[in-house]
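Each chain, letter by letter, is given below.
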Amino acid sequence: MARRRKNKTRRARFKGFNLWNAAESLVQANILTQNVFGTDPLAFLVGKTSAGYGQSNLLHSNMGGVQISIGELLGMGGTDGAAQRQAAWNMAKSNWMPILVQTVGTRAGFSVAKRLTRGIRRDMNKGIKMVGLQNEVKV
């Protein structure tokens, strides 16, 4: 007869919003959008370029590349988006090494910083717990 295993008690997982992970994700998104689309993540999502919101025509960014938004990639705004997709692909091919170095460096930097700020983050999480937001937010 087989032995019955006693089930472990499950711990509740944190299902809230982690500010540290959100900051790292924002930096990683900025690396990708700067190197591939020539703009920041917000401008990529909402379509703001130096000419205003929703202006396409492959505007040149300060880095010498073009500024492309997600609407332009999907063909919104009067174009089919083929030129924008090709421009993004060309920028990705030419910037693959900076993307790789910046991504790895950012990940390593956040790991080291997470270790160094452990005590400060613990104290901040204690304060968040005192306010009553321990299930929603964490640092």
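Residues numbered from 1 in each chain as written. Predicted model: local features only at pLDDT ≥ 70, side-chain atom pairs only at ≥ 80, totals over all residues. Heavy atoms only, no water.

Draft legend 1. Representation of the packing of helix α1 (residues 19-37) against helix α4 (residues 82-94) in the model. As a packed pair, α1 and α4 sit with axes 7 Å apart at the nearest point and diverge in direction by 110°. As far as their axial angle goes, α4 and α1 are roughly perpendicular. Taken together, the residues of α4 that come into contact with α1 (itself represented by N35, V36 and F37) are A88, M91 and A92. (Axes fitted to C-alpha atoms, helices over the stretch in contact; angles between N-to-C directions. Helix = DSSP H or I, 4+ residues; strand = E, 2+ residues; numbered from the N terminus. Parallel < 35°, antiparallel > 145°, perpendicular 65-115°, else oblique. Contact = heavy atoms within 4.5 Å.)

Draft legend 2. Representation of the environment of A22 within the structure. The residue A22 is located in helix α1 in this model. Taking the C-alpha atoms as reference points, A22 and V139, 117 residues apart in sequence, are found 9.5 Å from one another.

Draft legend 3. Expanded view of the side chain of N18. Residue position: N18 is located in strand β1 (residues 17-18). Here the side chain of N18 touches W20 through a polar contact of 3.0 Å, landing on its backbone nitrogen. A distance of 3.4 Å separates a polar atom in the side chain of N18 from the backbone nitrogen of N21. Each residue touching N18, except ones within four places of it in the same chain, is listed here: K138 and V139. (Polar contact = N/O pair within 3.5 Å; in protein donor to acceptor, adjacent residues only side chain to side chain.)

Draft legend 4. Looking closely at the nonpolar core. Core analysis: the biggest nonpolar cluster contains ten residues, these being V36, F37, F44, V66, I68, L73, A87, A88, M91 and I99. For this core, the secondary structure elements donating two or more residues are α1 and α4. Looking at which element gives the most residues to this core, the answer is α4, with three residues. (Core = buried A, V, L, I, M, F, W, Y, C linked by side-chain atoms within 4.5 Å. Buried < 20%, exposed > 50% of the residue type's maximum accessible area, 1.4 Å probe, protein only.)

Draft legend 5. Quick peek at the layout of surface pockets. The computed volume of the largest pocket comes to approximately 180 Å³. Every residue along the wall of the largest pocket is listed here: F14, N125, K126, I128, K129, Q134, V137 and K138. Looking at the lining of the largest pocket, the elements that each hand over two or more residues are α6 (118-131) and β6 (137-138). By residue number, the principal contributor to the lining of the largest pocket is α6, which donates four residues. Residues belonging to the lining of the largest pocket are distributed by class as follows: three nonpolar, two polar and three charged. (1 Å grid on protein atoms, 1.4 Å probe; cavity = no way out; pocket = protein on both sides within 12 Å on 5 of 7 lines; lining within 4 Å. Points joined across faces, edges and corners; volume = space filled by probe spheres on them. Nonpolar A, V, L, I, M, F, W, Y, C, P; charged D, E, K, R; others polar.)

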